[in-house]
Amino acid sequence: MQTKRINFKNYSSFKIGASHEVFIFEDDFSQIDNYFLLGACNNTLIGNNPPPLAILSKKYDYIKIENNALHIGGATPSGKIASFCKKHDIANFEFVSHLPGKLGGLVYMNAGLKEFEIFNHLLNITTPKGVKQKQDISYGYRKTDISEPILEASFDLRYGFDIEKVNMFKKMRSNQPSTPSAGSCFKNPQGDYAGRLIEAVGLKGLMRGDMCFSEQHANFLVNNGDGKFEDAMWLIKEAQKRVLDEFDITLECEIVILET
Ligand SMILES: Cc1cc2nc3c(=O)[nH]c(=O)nc-3n(C[C@H](O)[C@H](O)[C@H](O)COP(=O)(O)OP(=O)(O)OC[C@H]3O[C@@H](n4cnc5c(N)ncnc54)[C@H](O)[C@@H]3O)c2cc1C
């Protein structure tokens, strides 16, 4: 099997993690259960002792139009999807340019911005076990029950790229920090905002090493330089504890934490 050494301090959006040998899956998925499959590591915090890691090979980096549907490979970066849709005047993917990641990660997380989610126009996914239709997948706010590698996803093809939507998403993003992070750290609890709760318990801006919940957007856990996994975890656990004690609300992580 092919491997590649990846330095997660460069690769991950958090800019945290050591250098690890990562397995590359192409056609034989018989060993996949022994690995944690990553996309672009934009929603993942890599621990000091992560499980064995894997990625999909470049074979899964493609976009094609067939049978009136858009077929996108699991390893296709979101920026490439956005550019393709703009170039070919395709609707409903304008928000993707603001969601860093690869197609597999976007679908697994049901990534989105407000009511615009990747599942909205999904038809089916292809895994090593075959094609699975959208109606056979359980999904919700930033979650799915997908337990297989996503090799491809197919979407309803509609024409009419909307530049107004691009501008709207750009505006929505303007209050978010550009410091390394993995986007929202916690899911918003029903009827409330994780950022409001973090601020209310006095954690907005509190530095732990080089990590803090951003002054700009309290639900963004940011790395101000040489942030460490331990400091990120301290802040995550402290936020969960304080919010539970003060508001009786359990904050659920949106980010994926990889530590054995
Ligand atoms: C600045 C910033 C802003 C962000 N804003 C948003 C936002 O507004 N909305 C939002 O939803 N997200 C946001 N995110 C998070 C991120 O963009 C999404 O979660 C994205 O889907 C992550 O994709 P990835 O490829 O990097 O996934 P990774 O972090 O690599 O993996 C995430 C999960 O997906 C699984 N996975 C990855 N690839 C596959 C595959 N091929 N098959 C099966 N499972 C797979 C992994 O096992 C893991 O559980 C933001 C992130 C950043 C850094």
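Just above, that's the structure.
Predicted model only: the values in this text are computed from it and were never measured.

Draft legend 1. Spatial organisation of the overall build of the protein chain. Secondary structure assignment for the protein chain yields six helices and 17 strands. Taken over C-alpha atoms, the radius of gyration comes to 19 Å for the protein chain, in line with the 18 Å a tight globule of 260 residues would show. By principal-axis analysis of the C-alpha atoms, the protein chain measures approximately 55 × 45 × 30 Å. Each of the 260 residues in the protein chain was classed as buried or not, and the buried ones make up 49%.

Draft legend 2. How the structure looks around the nonpolar core. Formed by 30 residues in total, the largest nonpolar core has its most connected members in Leu70, Ile81, Phe93, Val107, Ile118 and Phe155. Elements represented by at least two residues in this core include exactly β7 (69-73), α2 (78-87), α3 (103-108), β10 (122-127), β14 (152-156) and α4 (163-173). Setting aside anything within four residues of it in sequence, one finds Val107 in contact with Ile118, Phe119, Ile125, Thr144, Ile146, Ile150, Ala153 and Phe155.

Draft legend 3. Representation of the environment of Ala91. Examined against the element boundaries, Ala91 turns out to sit in the loop between α2 and α3. Owing to a relative accessible area of 9%, Ala91 belongs among the buried residues under this scheme. Linking Ala91 and Ser138, residues 47 residues apart in sequence, is a C-alpha distance of 25 Å. Apart from residues no more than four positions distant in its own chain, Ala91 is found in contact with Arg158, Tyr159, Gly160 and Phe161.

Draft legend 4. Structural detail: the packing of aromatic side chains. Following the criterion strictly, the structure yields 10 aromatic pairs and no others. Judged by centre distance (6.4 Å) and plane angle (65°), the rings of Phe29 and Tyr60 are edge-to-face. With Phe29 in the loop between β2 (19-25) and β3 (36-37) and Tyr60 in the loop between β5 (53-56) and β6 (63-66), this residue pair connects regions lying 31 residues apart in the sequence. Under the relative-accessibility criterion, Phe29 is labelled buried at 11%. Above the ring of Phe247, the side-chain terminus of Arg196 is found at 5.6 Å from the ring centroid.

What counts and how
Residues numbered from 1 in each chain as written. Predicted model: local features only at pLDDT ≥ 70, side-chain atom pairs only at ≥ 80, totals over all residues. Heavy atoms only, no water. Helix = DSSP H or I, 4+ residues; strand = E, 2+ residues; numbered from the N terminus. Rg over C-alpha atoms; globule rule 2.2 N^0.38 Å. Buried < 20%, exposed > 50% of the residue type's maximum accessible area, 1.4 Å probe, protein only. Core = buried A, V, L, I, M, F, W, Y, C linked by side-chain atoms within 4.5 Å. Contact = heavy atoms within 4.5 Å. Phe/Tyr/Trp six-rings, centres within 6.5 Å; stacked < 30°, edge-to-face > 60°. Lys NZ or Arg CZ within 6 Å of the ring centre and 35° of its normal.

Worth remembering: the numbers are spatial, not functional.
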